[in-house]
Amino acid sequence: MSEPREAPAMRNAVDYAVVGDNILDIADFAIEKYEFTSGKALSDEAKEEAVERVRDALWEMVKALRNQRKKWRKMLFDAADEAVRGAVEGS
């Protein structure tokens, strides 16, 4: 019988540096969209506040997605365990 081994390391599905850059791009786009649709130019202070709020809101979404990914990864390993047992035990 072979020695048990550790579960394989799962690569990160997300490069969080890229996500951070994308979040700032999204914030900039949302600000430009607001200015265009409202016809109002925002002050630098208002833009900084908007970027901060967008960043915080989107990072919360990223955290939720990261937690969901962990749940899915567990489900994958559980399904694999069940499939192996079924194959070996004939059920």
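Model, not experiment: these values are computed from the prediction. (Residues numbered from 1 in each chain as written. Predicted model: local features only at pLDDT ≥ 70, side-chain atom pairs only at ≥ 80, totals over all residues. Heavy atoms only, no water.)

Right, let's get into the overall build of the chain. From N to C terminus, the chain includes 2 helices and 0 strands. Out of the 91 residues belonging to the chain, those deemed buried represent 10%. If you take every contact in the chain between residues at least 6 apart in sequence, the share linking residues at least 24 apart comes to 68%. Put simply, the chain shows about 8,000 Å² of open surface, and 57% of that area lies on carbon and sulfur atoms. (Helix = DSSP H or I, 4+ residues; strand = E, 2+ residues; numbered from the N terminus. Buried < 20%, exposed > 50% of the residue type's maximum accessible area, 1.4 Å probe, protein only. Contact = heavy atoms within 4.5 Å. Areas by Shrake-Rupley, 256 points an atom, 1.4 Å probe, with all protein chains shown as cover.)

Note that Glu35 resides in helix H1 (residues 16-38). In this structure Glu35 comes out as buried when scored by relative accessible area, which is 18%. In contact with Glu35, not counting residues within four places along its chain, are Lys40, Ala41, Leu42 and Lys47.

The subject of this paragraph is a negative patch on the surface. Taken together, the side chains of Asp15, Asp21, Asp25, Asp28 and Glu32 make up a negatively charged region of the molecular surface. By the element assignment, Asp21 lies in helix H1. (Patch = residues over 30% accessible without salt bridge, like charges linked within 9 Å, V, L, I, M, F, W, Y side chains within 5 Å. Salt bridge = Lys/Arg side-chain N within 4 Å of Asp/Glu carboxyl O. Lys, Arg positive; Asp, Glu negative; His and termini not counted. Charge placed at Lys NZ, Arg CZ, Asp CG, Glu CD.)

Geometric values such as these leave the question of function open.
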